[in-house]
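Take a look at the letters that make up each chain.
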Amino acid sequence: KMASTEELKKRIQDLKTQLEEKRESNSNGGFETTGATPVNATQMKVRRTLKGHFGKVYAMHWGGGGSDLLVSASQDGKLIVWNGKTTNKVQ
């Protein structure tokens, strides 16, 4: 038996409501569930500016294992490896 148009519309509305509720519950960035505290912009301070990209930087990641290496990715298509202590380019 096929569902009626009204039943399908009701189901669509229910799914939209569930989706919106899920989006709202995730809108905090997961801070409440992980126990992490959000950082206020006034708590951050620029210490060094790394120069080398010609596009916007969209990702940065520290190297693992206690390494001082830092990798940045930019819209210019480059990945740059930096020494996090000296701020010099490694590659």
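For the structure, see preceding data.
Residues numbered from 1 in each chain as written. Predicted model: local features only at pLDDT ≥ 70, side-chain atom pairs only at ≥ 80, totals over all residues. Heavy atoms only, no water.

Caption draft 1: Main features of unusual backbone geometry. Despite not being glycine, T87 has its phi angle at roughly 65 degrees, a positive value. Here T87 lies in the segment after β3 (79-83). T87 sits in the partly exposed class, given a relative accessible area of 23%. (Helix = DSSP H or I, 4+ residues; strand = E, 2+ residues; numbered from the N terminus. Buried < 20%, exposed > 50% of the residue type's maximum accessible area, 1.4 Å probe, protein only.)

Caption draft 2: Fine view of the sheet that holds strand β2 (residues 69-74). Strand order in this open sheet of three strands is β1-β2-β3, and the pairing throughout is antiparallel. Looking at which strands have only one partner, the edges of the open sheet turn out to be β1 (57-62) and β3. Sheet twist, expressed as the mean angle between neighbouring strand axes with direction ignored, is 20 degrees. (Pairing = 2+ DSSP bridges. Axes fitted to C-alpha atoms, helices over the stretch in contact; angles between N-to-C directions.)

Caption draft 3: Looking closely at the side chain of S74. Structurally, S74 is set in strand β2. Residue S74 is classed as buried on the basis of its relative accessible area, which comes to 2%. There is a polar contact of 3.1 Å between the side chain of S74 and the backbone oxygen of G55. Not counting chain neighbours up to four residues away, the residues in contact with S74 comprise H53, G55, K56, V57 and Y58. (Polar contact = N/O pair within 3.5 Å; in protein donor to acceptor, adjacent residues only side chain to side chain. Contact = heavy atoms within 4.5 Å.)

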